[in-house]
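Residues per chain are reported as follows:
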Amino acid sequence: MTSLSSFLAQYPAAILVEIESVKGSSPREAGTFMLVSQEALWETIGGGQFEYMAIDHARAMLRSGAAEDRMDIPLGPEIGQCCGGRTLLRFRLITAEIAAALEARLKGEAEQQPAIFIFGAGHVGKALAQALSLLPLTLTVVETRENELHGLPQEVTSLLTPMPEALVTRIPANGAAIIVTHDHALDFLIAREALARDDLAYVGMIGSKTKRATFAHWLEREGEPPSRLKKLVLPIGGNGVRDKRPAIIAALVAAELLQAFSAAETRRNENQRGHPQDQDHA
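Keep in mind it's a predicted model, so treat the numbers as computed, not measured.

**Concerning the UniProt feature "domain: XdhC Rossmann" (unreviewed entry) in the chain**
Here, the residues flagged by UniProt with the feature "domain: XdhC Rossmann" (unreviewed entry) are residues 117-257. Split by type, residues 117-257 is 33% helix and 16% strand. Its first and last C-alpha atoms lie 12 Å apart.

**Some details on the sheet that holds strand β8 (residues 157-160)**
Strand order in the open sheet made by the 6 strands is β8-β7-β6-β9-β10-β11, with parallel pairing throughout. A single partner strand is all that each edge strand has here, and the edge strands are β8 and β11 (232-233). Inspection of the sheet shows strand β9 (residues 176-179) paired to strand β10 (residues 202-205) by 4 bridges, in the parallel sense. Looking at the pairing, I179 lines up with M205 of β10. On top of the sheet, helix α4 (residues 123-132) reaches β6 (115-119), β7 (138-143) and β9; it is set at about 160 degrees to β6, its chief contact.

**Some remarks on the layout of surface pockets**
As a volume, the largest pocket reaches approximately 1,500 Å³. Lining the largest pocket are 39 residues; nearest its centre among them are A110, Q113, L135, P136 and L137. Those elements giving two or more residues to the lining of the largest pocket turn out to be α3 (96-111), β7 and α7 (246-273). Split into classes, the residues belonging to the lining of the largest pocket amount to 18 nonpolar, 11 polar and 10 charged. In terms of lining residues, the second largest pocket is bounded by 15 residues, among which G207, P235, I236, G238 and K244 are the most central. Of the residues contributing to the lining of the second largest pocket, the split by class is 6 nonpolar, 5 polar and 4 charged.

**Structural notes on the packing of α4 against α7**
Running from amino to carboxyl end, α4 crosses α7 at an angle of 55 degrees, the nearest separation of the two axes being 8 Å. It follows from the interaxial angle that α4 and α7 lie oblique. Judged by the sense of rotation from one axis to the other, the crossing of α4 with α7 is right-handed. On α7, the residues that touch H123, V124, A127, L128, A131 and L132 of α4 are P246, A247, I249, A250, V253, A254 and L257.

**Looking at the pairing of β7**
Burial analysis of β7 places 5 of its 6 residues in the buried class, the great majority of the element. Pairing geometry for β6 and β7, over 5 bridges, is parallel. For F117, the partnering residue across the bridge sits in β7 and is T140. On the question of chirality, the crossover connecting β6 to the parallel β7 by way of α4 is right-handed. By the bridge criterion, 4 bridges tie β7 to β8 in an arrangement that is parallel. Bridge assignment links V141 to a residue of β8, and that residue is S158.

**A few points about the nonpolar core**
Core analysis: the largest hydrophobic core is formed by 28 residues, its most contacted members being I116, I118, L128, L132, I178 and L257. Of all the secondary-structure elements, those providing two or more residues to this core are β6, α4, β7, β9 and α7. The element that contributes the greatest number of residues to this core is α7, accounting for 8 residues. Those residues in contact with L257 that lie beyond four places of it in its chain are I116, L132, A176, I178 and Y202.

**Concerning the pairing of strand β2 (residues 33-36)**
In β2, alternate side chains face the same way, and those of F33 and L35 on one face and M34 and V36 on the other are all buried. Pairing of strand β1 (residues 15-23) with β2 involves 4 bridges; the strand directions are antiparallel. By the bridge assignment for β2, L16 is matched with L35. Direction of pairing for β2 relative to strand β3 (residues 41-42): antiparallel, over a ladder of 2 bridges. The residue bridging L35 from the neighbouring strand is W42, located in β3.

Calculation notes
Residues numbered from 1 in each chain as written. Predicted model: local features only at pLDDT ≥ 70, side-chain atom pairs only at ≥ 80, totals over all residues. Heavy atoms only, no water. UniProt positions renumbered as here; feature names shortened; annotations may be inferred. Helix = DSSP H or I, 4+ residues; strand = E, 2+ residues; numbered from the N terminus. Pairing = 2+ DSSP bridges. Contact = heavy atoms within 4.5 Å. Axes fitted to C-alpha atoms, helices over the stretch in contact; angles between N-to-C directions. 1 Å grid on protein atoms, 1.4 Å probe; cavity = no way out; pocket = protein on both sides within 12 Å on 5 of 7 lines; lining within 4 Å. Points joined across faces, edges and corners; volume = space filled by probe spheres on them. Nonpolar A, V, L, I, M, F, W, Y, C, P; charged D, E, K, R; others polar. Parallel < 35°, antiparallel > 145°, perpendicular 65-115°, else oblique. Left-handed = near helix turned anticlockwise from the far one by under 90°. Buried < 20%, exposed > 50% of the residue type's maximum accessible area, 1.4 Å probe, protein only. Right-handed = clockwise from strand over helix to strand, strands pointing away. Core = buried A, V, L, I, M, F, W, Y, C linked by side-chain atoms within 4.5 Å.

Here it is in structure tokens:
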């Protein structure tokens, strides 16, 4: 996707359209924004007639030279939408100061994105990298084979190392490890290191029930506590869909990851607020 700076370099005359507030149901939440020039768009505020109205209004502002405006839009039958809510949109002509603030905001949001380390860049690893590169995630692919690191999306960081298990410590807290190497023994080494951490939102390995049982025996032989196996998602993608094509596996894993990150965020928020029963005894 084109970056914000690249878009503005090509289309310097643009309007920032931002959802300032929301009442009831709406396509996107407050704070969502898009850029509108006479020739192009960057991002979306939700699509549909609601967005078409915003685009038309922004382009009318560009033609008239207006610098700022607002629109209060009911999301009902009168505009052909059925959300039932109401949105207040703010329109501002892009200035250097506004552009800098947007860049800073996007940088901050990127730094807060969950980090995923994909161990292995074979068929499934590459499919995962392709699928996940479309999501608001920070991706790193780790490989022992240099030739397999070619052809990854440009948004992905690649690391070549003879000891992938040693890089598990680099995964930021609340991140994820997806283990899809070409070697079962290597899978086990990486998984052991990942499961030893209690701050990862997801640890998954490609495989089968037989591989899970083999890994359980290996963990036991290595003296690891059996409870660690409970944190391992194996097989990744679940058993609900039998299609084992790499792209299908990648789509299923993407859904698993988003659910895992959402659940982890909910737990963190609850811990920060404190449990109600804890407050009762305070």
